[in-house]
Every structure is written in structure tokens, then in C-alpha cells.
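This is what each chain is made of:
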Amino acid sequence: YTPPPQCYDSDAFMVWKGRRKRCSWVSENLCKRWKEIRLACPEQCASCNNLACKDSTLPFYKSKKSKDEWTCEMLSKLKPRQRRKKCKNRKFYTTCRKTCAEESNVGCL
């Protein structure tokens, strides 16, 4: 028996239509209409069964004021040591669940 993976909404600020938003802002209607939202916010969108171990496809920021925009693809291209360091940060491992699976211990391996 393998327990199901942890299901996390992204803890980062995702970029949606040019604005920084958190998963707590997401409505049921957005969840139904946009896969990008379901990938970033699987818990909020009740899509954990399918998406708990997938990376978000939306750009994100670590904070409301941060100037550094990230994507999971950018994170995946870092050298292993740099990626491991970033993946220890909750903003990264809750957003890039697949990329950070080895480092974050969320059960997605």
C-alpha cells in the first residue's frame, strides 16, 4: 500500500491575467474553466486525485513585492544543488510539486 501524496495548493503568488493572486482567491468557476488554475491550486479546486503531483504551469512569485518571476520549468533547469536549495522553500515545493518531489517528501515519487 502506498499512501496518497500530500495535496498542496501553491503557497506562492501566481500570475493570472497580469495580476498576482493566491489560491485563496480562486473561485469554483475558475477551477472548472481553467486547467492552469487547477494545477496551481489542486486542493482549492478539489482536483487532488489527478493533479497533486503535477507542477503548476503558471508563472509565480515568492511574495507580493518580489521582482523575480519563476516558473517550474525554470526551476527544473537549475543545477541539482541549486534546485535542491530552492525546493526546500515552501513557495517552490508547493508550486512545483513534481520538480521538487525528491527534495520535498510530499509523496510524489
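Up top is the structure.
Participant: Break down the overall build of the protein for me, with residues and values.
Facilitator: The secondary structure content of the protein amounts to seven helices and three strands. For the protein, the succession of helices and strands along the chain, N to C, is β-β-α-α-α-β-α-α-α-α. Taking all 109 residues of the protein together, 43% fall into the buried category. Across the protein, the fraction of contacts at a sequence separation of at least 24, relative to all contacts at a separation of at least 6, is 50%. Split by element, the accessible area of the protein, about 7,100 Å² in all, is 46% carbon and sulfur.

Participant: Quick rundown of the side chain of S66? Include the residues and the values.
Facilitator: In this fold, S66 is placed in the loop between β3 (60–61) and α4 (72–76). Take S66: its relative accessible area is 15%, and that puts it in the buried class. Discounting residues that sit within four places of it in the chain, S66 has contacts with R20 and Y61.

Participant: For the packing of aromatic side chains, give the residues involved together with the corresponding values.
Facilitator: Within this structure, the stated rule accounts for four aromatic pairs. Taking the centre distance of 5.3 Å and the plane angle of 75° together, the rings of W16 and W34 count as edge-to-face. Residue W16 is found in strand β1 (residues 13–16), and its partner W34 is found in the loop between α1 (28–33) and α2 (35–40); the two are separated by 18 residues along the sequence. For the ring pair F60 and F92, a centre distance of 5.5 Å and an interplane angle of 75° mean the geometry is edge-to-face. In this pair, F60 sits in strand β3 while F92 sits in helix α6 (residues 90–93), placing the two residues 32 residues apart along the sequence. Look at F60 and you get buried, because its relative accessible area is 1%.

Procedures and definitions
- Residues numbered from 1 in each chain as written.
- Predicted model: local features only at pLDDT ≥ 70, side-chain atom pairs only at ≥ 80, totals over all residues.
- Heavy atoms only, no water.
- Helix = DSSP H or I, 4+ residues; strand = E, 2+ residues; numbered from the N terminus.
- Buried < 20%, exposed > 50% of the residue type's maximum accessible area, 1.4 Å probe, protein only.
- Contact = heavy atoms within 4.5 Å.
- Areas by Shrake-Rupley, 256 points an atom, 1.4 Å probe, with all protein chains shown as cover.
- Phe/Tyr/Trp six-rings, centres within 6.5 Å; stacked < 30°, edge-to-face > 60°.

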